[in-house]
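# Summary of structural features
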Amino acid sequence: MATMAMGNLGYHEGEIKERKRLGSLYHRLRISLPCPIGPIIPGQFAMLKIEDRGGIILPRPFSIHNFEGQEMVPWLDFLFKVVGKGTGLLAKLSVGSPIMVLAPLGNGFPDPPPGYKALLIAGGMGIAPLFPLILRLKASPSPLYLFYGAQSQDDLICLPELINLEGIRINIATEDGTAGKKGMVTELLREEDDEGGDQTVIYACGPGPMLKAVADFAAERRRSCWISLEKRMACGVGACLGCVVETKGGYKRVCKDGPIFEAQEIIWRDDA
Amino acid sequence: MPNLKVKLGKLELQNPVMPAAGTFGYGEEYASLIDLDKLGAIVTKGISLAPQAGNPPPRIWETWGGMLNSIGLQNVGLEIFVKEKLPFLCRWRMPIIVNFFGYSSKEYAECAQRLSDLEGVAALEANLSCPNIKKGGLQFGSNPQTVAKITNIIRKSTKLPLIVKLSSNVSDIKEVAMAAEGEGVDAISLINSIPAMAIDLERRRPALGGITGGLSGPAIKPIALKAVWEVAPRVKVPIIGVGGIMDYRDALEFLVVGATAVQVGTANFTNPRTMLEIIEGMGAFLKQRGIEDIKEMIGSLGL
Ligand SMILES: Cc1cc2nc3c(=O)[nH]c(=O)nc-3n(C[C@H](O)[C@H](O)[C@H](O)COP(=O)(O)OP(=O)(O)OC[C@H]3O[C@@H](n4cnc5c(N)ncnc54)[C@H](O)[C@@H]3O)c2cc1C
Ligand SMILES: Cc1cc2nc3c(=O)[nH]c(=O)nc-3n(C[C@H](O)[C@H](O)[C@H](O)COP(=O)(O)O)c2cc1C
Ligand code: FES
C-alpha cells in the first residue's frame, strides 16, 4: 500500500548548451539538465525526445558520450550521425532549445579486473559510448589499447580528442586507407594484438558485422568481451519488448538487459 | 475538483485512465517514472499459460504518426507472472486488470480460471484480437459466432469482471460487440492495433521480423473513435476506448462518442507521464466548463 520512492529517473527538460558539427554528417550536442543526475556508467544511454514534427512520435536512443563527474552529472554530451528524420531534426536544434532527456538507461561497461589490459574496439559511431570508458579507464593503471576503425579519415570523429590523451595506444584503420592501415579494424586487431593473453578484457561498439568479428576473435582467444548493441527502441525502459536480441538465454531487451552484453551470450544473425 | 470516478461493471475506478496492454510491461518498468497509484487501473502485458518467446526482431518500426509492432505476445507465462510480477503490482492501490490470451478456447478458459483464483486481480481482459500471432488471436475475434463461443467459455471460467478486447478489423464491429455482450461480458475494449506492414526499401524486405505487425499511435485514432461510436449505442456494457490517445483532448473525444474509460498505449513511449497529464487535463477541462461529473461527458455527442 505504499507510494514507492521514485528516483530521479524521468524525462528531464534539458537545454542545448553547445552544438558542434564534425565533418559533414556528424554532430555533437551538449545538453544541460535542470537538476544533476547520476550515477552514470560509461555505456549507458539516453532517450532523446525529438519535437513531434514530421510524424515522429517515438524518442530516439543515443549513447551517453561524455559527462562530468559521476554521481551529480549536470550535462551530457551526445555524438550522432544524421541518418534519418529524427537525427536530421536533432542536427537542426539551436543552442538554447529545450529537449527532453530520459537518462541514464540500461547497464554500462564493467571495469576490467585489476591488472588487466583493456582492449577497446570502435567502429565509426561506435566510439560514442567507448569515449567515456576511455576517460574512466585512463585513471586506472590498466594498459589501454584502442583500435579505431572507420570508412575514411573524416569519419574518425573523436580522433583529435583522443590523440593527445596520455597512456593510451591507438591503432587506426580506414576502409579507404586515408588514415592508418587500409582495411577493417578487426583485421588490424588480429595483426596487432599478440600479447596480453588471458589478462585482457575487450570492449567493442560498432556495426553488427564488426561486432560479430570481434566476438569471434574474443571466443577464439578466450578473452572476456563486452559489446554495446543497438536495436530500434520504443519505450527504452523494458516495457514494450520491442528491442530484443536473441541470446543463449532467449530474447533479451537491449534497453533494459543491455545495451552492454557479454559477446558470447549473443546469437548472431545476419539481419537482426 | 470534478468527479472523475467511473464504473466498469462492478469495477470502480478513481478515474477513467489506464495503460493499454503490452505498452506498460508489468508495471514495474514504469514505477520509477510515474506514481502508479494515480492511475484508474493498470493493465498488464498479455499473458498466456506457457511463456512465449515472441517474434524475431526487428519488432518495431516507426511510421507516419504511428508505429508498427510485431512483438508476438512475448510474455513470462502465468506461473512466473504469479510468482514474480503480481506481488509487485499488489503493493499498489490501483486495481489490476490482467490481459490474457490463449491458443485455443481451452487455454483461454484455463488461463481465466487460474487468474481468478489469485489474490489482487481485479478484472480480466481477454485479448481476442492480437494481429501478431499466427494461430488464435485475431482469429478468435474475427466474427460474431467465434466471439460468442469463446466468450461463453471464458465467462463460465471466471467470476471476475470480464472485459473482451476486440479488433476493428472485422466486417461489422457492432455485431461482434453485441455477440460478446450476449455472453455476459462486463466491458468491451476497442480497439487493438491494426494489421499493417512496412518495407525496408534498402534491403527490399519487410521492415519487421514478423513481416506484418500491428499499427498503433495517433495514426489509428480516427478508426478507434469510429469503432467506439458505432458500438456504444448498440450495447449496454461500458466501452473502454483505445487507439492513438496522446493527450486529454483525445481521451475526452473517446468519452464523448461513448467510451466510459480509456487506455493509453503508444503515448507512454513518447512520454511516460502522458496518463497523469491526461488525468490532470480532464479535471481541468471539466472544471473550466463547470462540469461536475465526468459521466456527463460520456456519450454526449450531438448529431
Ligand atoms: C543503445 C543505443 C545507443 C545509440 N547510440 C547512438 C549514438 O551515440 N550515436 C548515433 O548516431 N546513433 C546512436 N544510436 C542509433 C540511433 O538511435 C539511430 O541512428 C536513430 O534512432 C535514427 O533515428 P532517425 O530518426 O534519424 O532515423 P530513422 O528515420 O528512424 O531511420 C533512418 C535509418 O537510420 C537507421 N536507424 C534507425 N534506428 C536505428 C537504431 N536504433 N540503431 C541503428 N540504426 C538505426 C536505419 O538505417 C534507418 O534506415 C544508438 C542506438 C541505440 C539502440
Ligand atoms: C508494443 C505493443 C504491445 C502490445 N501488446 C498487447 C498485448 O499484449 N495485448 C493486447 O491486448 N494488446 C496489445 N497491444 C495493443 C495495445 O494495447 C493497444 O490496443 C494499441 O496499441 C492501440 O492503442 P495506442 O494507439 O494507444 O497504442 C500492444 C501494442 C503495442 C504498441
Ligand atoms: S525499447 Fe521497449 S523494451 Fe526495449
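A brief look at the structure comes next. Remember, predicted model here, so these are calculated numbers, not experimental data.

## Details of the overall build of chain A
Helix and strand counts for chain A stand at 5 helices and 16 strands. When its C-alpha atoms are laid out on the principal axes, chain A stretches across 55 × 45 × 40 Å. Looking at chain A as a whole, 54% of its 272 residues are labelled buried.

## Brief notes about the site of ligand 1
All names here are of chain A. Not every one of the 19 residues close to ligand 1 is listed here, only the nearest: Arg60, Pro61, Leu79, Gly86 and Thr87. In this structure, Gly86 approaches ligand 1 through a main-chain N or O atom, which is 2.6 Å from an oxygen atom. For ligand 1, the protein covers 78% of the area, taking 850 Å² as the surface of the free molecule. Of all the elements in the fold, those that place two or more residues in the shell around ligand 1 are strand 4 (60–63), strand 6 (73–81) and helix 1 (85–92). Residue contributions to the shell around ligand 1 peak at 4 residues, all from strand 4. Of the residues that constitute the shell around ligand 1, the class distribution is 9 nonpolar, 4 polar and 6 charged.

## Section: the interface of chain A and chain B
The partner chain B presents 42 residues to the 35 residues of chain A that form the contact. Our count for the chain A to chain B interface comes out at 2 salt bridges. One salt bridge connects B:Glu29 with A:Arg253, and the closest N-O pair in it is separated by 3.9 Å. Applying the counting rule to chain A against chain B returns 6 residue pairs in polar contact (both at pLDDT 80 or more).

## Looking at the site of ligand 2
Taken together, 24 residues lie near ligand 2, and B:Ala21, B:Lys165, B:Gly217, B:Gly244 and B:Thr266 sit nearest. With respect to ligand 2, the chains having nearby residues are chains A and B. Here an oxygen atom of ligand 2 sits 2.8 Å away from a polar atom, N or O, in the main chain of B:Ala21. Considering ligand 2 on its own, with 610 Å² of exposed area, one finds that the protein chains cover 98% of that surface. In terms of residue class, the shell around ligand 2 is built from 8 nonpolar, 14 polar and 2 charged.

## Some points on the sheet that holds strand 9 (residues 144–150) of chain A
All names here are of chain A. Spatial ordering of the open sheet is given by 11-10-9-8-12-13-16, a layout of 7 strands whose pairing is mixed. The sheet is open, and its two borders are formed by strand 11 (181–182) and strand 16 (260–262), each paired with just one other strand. Sheet topology places strand 13 (residues 224–228) next to strand 16; 3 bridges connect them, and they run antiparallel. Along strand 16, the bridge assignment pairs Ser228 with Ile260. Sitting on the sheet, helix 2 (residues 127–138) is in contact with strand 8 (117–123), strand 9, strand 10 (168–174), strand 12 (200–205) and strand 13, with an inclination near 155 degrees to strand 8. Seen against the sheet, helix 5 (residues 208–220) touches strand 8, strand 12 and strand 13 and runs at an angle of roughly 170 degrees to strand 12.

## A few points about the pairing of strand 8 (residues 121–127) of chain B
Residue and element names in this part refer to chain B. In terms of burial, strand 8 is largely enclosed, as 6 of its 7 residues are buried. Where strand 7 (residues 96–100) lies against strand 8, 5 bridges are found, and the strand directions are parallel. Across the sheet, residue Ile96 finds its bridge partner in strand 8, namely Val121. Chirality of the crossover, the property in question, places the unit of strand 7, helix 3 (residues 105–116) and strand 8 among those that are right-handed. Pairing of strand 8 with strand 9 (residues 162–166), which is carried by 4 bridges, proceeds in the parallel orientation. Bridge pairing in strand 9 links Glu125 to Ile163.

## Some words on the side chain of B:Asp293
All names here are of chain B. Among the structural elements, Asp293 can be located in the segment after helix 9 (274–288). A distance of 3.1 Å separates the side chain of Asp293 from the side chain of Asn3, its partner in a polar contact. Separated by 2.8 Å, the side chain of Asp293 and the backbone nitrogen of Lys295 make a polar contact. If we ignore the near neighbours within four places in the chain, the residues touching Asp293 are Asn3, Lys5 and Leu286.

Reading the values: the criteria
Residues numbered from 1 in each chain as written. Chains lettered and ligands numbered in written order. Predicted model: local features only at pLDDT ≥ 70, side-chain atom pairs only at ≥ 80, totals over all residues. Heavy atoms only, no water. Helix = DSSP H or I, 4+ residues; strand = E, 2+ residues; numbered from the N terminus. Buried < 20%, exposed > 50% of the residue type's maximum accessible area, 1.4 Å probe, protein only. Near = heavy atom within 4 Å. Polar contact = N/O pair within 3.5 Å; in protein donor to acceptor, adjacent residues only side chain to side chain. Areas by Shrake-Rupley, 256 points an atom, 1.4 Å probe, with all protein chains shown as cover. Nonpolar A, V, L, I, M, F, W, Y, C, P; charged D, E, K, R; others polar. Contact = heavy atoms within 4.5 Å. Salt bridge = Lys/Arg side-chain N within 4 Å of Asp/Glu carboxyl O. Pairing = 2+ DSSP bridges. Axes fitted to C-alpha atoms, helices over the stretch in contact; angles between N-to-C directions. Right-handed = clockwise from strand over helix to strand, strands pointing away.

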